[in-house]
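Each chain, written out:
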Amino acid sequence: MRELIVILIAASITNNFVLTYFLGICPFIGVSNKIDSAIGLGIATTFVMTMAATVTWLIYYYILIPFNLVFLQYVAFIIVIASFVQFVEMFIRKVSPPLYKTLGIFLPLITTNCAILGLTLFMVLRNYTFPQAVVFGLGAGIGFTLALVIMAGIREELEFADIPEPLKGTGITLIVAGMLALAFMGFGGIISG
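Residues numbered from 1 in each chain as written. Predicted model: local features only at pLDDT ≥ 70, side-chain atom pairs only at ≥ 80, totals over all residues. Heavy atoms only, no water.

Asker: Is there a simple way to think about the overall build of the chain in this case?
Answerer: Scanning the chain from N- to C-terminus turns up eight helices and zero strands. Its helices and strands in sequence order give the chain the pattern α-α-α-α-α-α-α-α, from N to C terminus. Relative to the globule expectation of 16 Å for 193 residues, the C-alpha radius of gyration of the chain, 17 Å, shows essentially globular dimensions. Taking the principal axes of its C-alpha atoms as reference, the chain extends roughly 60 × 40 × 30 Å. Counting across all 193 residues of the chain, residues that qualify as buried make up 44%. Counted over contacts in the chain with a minimum sequence separation of 6, partners at least 24 positions apart contribute 78%. (Helix = DSSP H or I, 4+ residues; strand = E, 2+ residues; numbered from the N terminus. Rg over C-alpha atoms; globule rule 2.2 N^0.38 Å. Buried < 20%, exposed > 50% of the residue type's maximum accessible area, 1.4 Å probe, protein only. Contact = heavy atoms within 4.5 Å.)

Structure, rendered in structure tokens:
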């Protein structure tokens, strides 16, 4: 149990996919202007990451390895990720049309979010057991959501800040992202995994 908690904390804070590995930067920058949209995309991505870790682990260890098809790993993983993104997109469109409209193009782009593919590949490289893989997916999703929400909160406050003209918009966003990455990297020696 302790090992699963360490994996969860490591995936969400010390080895945060966005702020430590710099995976998933496109949605991180693109959707982090409002907290509502950041939470919505974060929850959707957490679901996809958790389910992708679960299903790709099963496919890898029960289909690809036994039938000597490991070379199809990337194709299989991308198909699984795309399937879950389609499911999430249909669900959000039905349940919350305003959130669907707010997320816009970033919702289908979860499919190409390198953080999710990176998650599935890291899981295989680290030889996680099934419970470890599921917790790793959940932790990575929580970390992604945490990074999005923190950035969205800061960006909402920056709307009222006196920012020099050349830094407004993208400039200040990238500076803040760099400072957040430095802050999260400060946790790097605490827990590894």
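Asker: I'm lost on the side chain of Thr45 in this one. Help?
Answerer: Here Thr45 shows up in helix α3 (residues 35-64). In this structure Thr45 comes out as buried when scored by relative accessible area, which is 1%. Excluding its chain neighbours within four sequence positions, the residues that come into contact with Thr45 are Ile110, Asn113, Ile116 and Phe144.

Asker: How do you make sense of the pattern of salt bridges when you look at a structure like this?
Answerer: Should their charged atoms come close, side chains of opposite charge can pair. Going through the model one piece at a time under the given rule, you end up with three salt bridges. Note that Glu89 is salt-bridged to Arg93, the shortest N-O span being 3.9 Å. Of this pair, Glu89 and Arg93 both sit in helix α4 (residues 73-95), four residues apart, which is roughly one turn of that helix. Overall, the relative accessible area of 9% leaves Glu89 in the buried class. (Salt bridge = Lys/Arg side-chain N within 4 Å of Asp/Glu carboxyl O.)

Asker: Is there a simple way to think about the environment of Ile63 in this case?
Answerer: Counting through the fold element by element, Ile63 comes out in helix α3. Distance from Ile63 to Thr102, taken between C-alpha atoms, is 38 Å for residues 39 residues apart in sequence.

Asker: What is the right way to read the packing of α3 against α4 from this model?
Answerer: To characterise two packed helices, one gives the angle between the axes of the helices and the distance between these axes. Put simply, α3 and α4 touch, their axes get as near as 9 Å, and they point 145° apart. As α3 runs across α4, the sense of the crossing is right-handed. Here Ala44, Phe47, Val48, Met51, Ala52, Val55, Thr56, Ile59, Tyr60 and Leu64 of α3 come into contact with α4, specifically with Gln73, Ala76, Phe77, Val80, Ile81, Phe84, Val85, Phe87, Val88 and Ile92. (Axes fitted to C-alpha atoms, helices over the stretch in contact; angles between N-to-C directions. Left-handed = near helix turned anticlockwise from the far one by under 90°.)

Asker: Looking at this structure, I do not really get the packing of aromatic side chains. What am I missing?
Answerer: This structure, assessed with the given rule, holds 12 aromatic pairs. Judged by centre distance (5.7 Å) and plane angle (70°), the rings of Phe17 and Tyr21 are edge-to-face. When its relative accessible area of 28% is taken as the criterion, Tyr21 is described as partly exposed. Between Trp57 and Tyr62 the ring centres are 6.0 Å apart and the planes differ by 75°, which places this aromatic pair in the edge-to-face class. Classification of Trp57 by relative accessible area gives buried; the value is 11%. (Phe/Tyr/Trp six-rings, centres within 6.5 Å; stacked < 30°, edge-to-face > 60°.)

Asker: Which parts of the structure should I look at to understand the nonpolar core?
Answerer: For soluble globular proteins, nonpolar side chains are generally found buried alongside one another. Ranked by internal contacts, the top residues of the largest apolar core, which has 54 residues, are Leu19, Phe28, Val48, Ile110, Met123 and Phe136. Secondary structure elements with two or more residues in this core: α1 (2-14), α3, α4, α6 (114-125), α7 (130-158) and α8 (170-185). The element best represented in this core is α3, accounting for 11 residues. Setting aside its immediate chain neighbours within four residues, Phe28 contacts Val18, Leu19, Ala147, Leu148, Met151, Ala177 and Leu180. (Core = buried A, V, L, I, M, F, W, Y, C linked by side-chain atoms within 4.5 Å.)

Asker: Looking at this model, I keep getting lost on the state of the cysteines. Mind explaining?
Answerer: Two cysteines form a disulfide when their sulfur atoms are joined by a covalent bond. In total, this model carries zero disulfides according to the counting rule given. Unpaired in this structure, Cys26 has its nearest cysteine sulfur neighbour in Cys114, at a distance of 9.0 Å. (Disulfide = S-S within 2.5 Å.)

Asker: Sorry, what's going on with the environment of Ile110 here?
Answerer: Residue placement: Ile110 occurs in the loop between α5 (97-103) and α6. The class for Ile110 is buried, based on a relative accessible area of 2%. Sequence-wise, Ile110 and Ile79 are 31 residues apart; in three dimensions their C-alpha atoms are separated by 13 Å. Ignoring anything within four residues of it in the chain, the contact list for Ile110 reads Leu41, Ala44, Thr45, Val48, Ile81, Val85 and Ile116.

What is shown is where atoms sit, not what they do.
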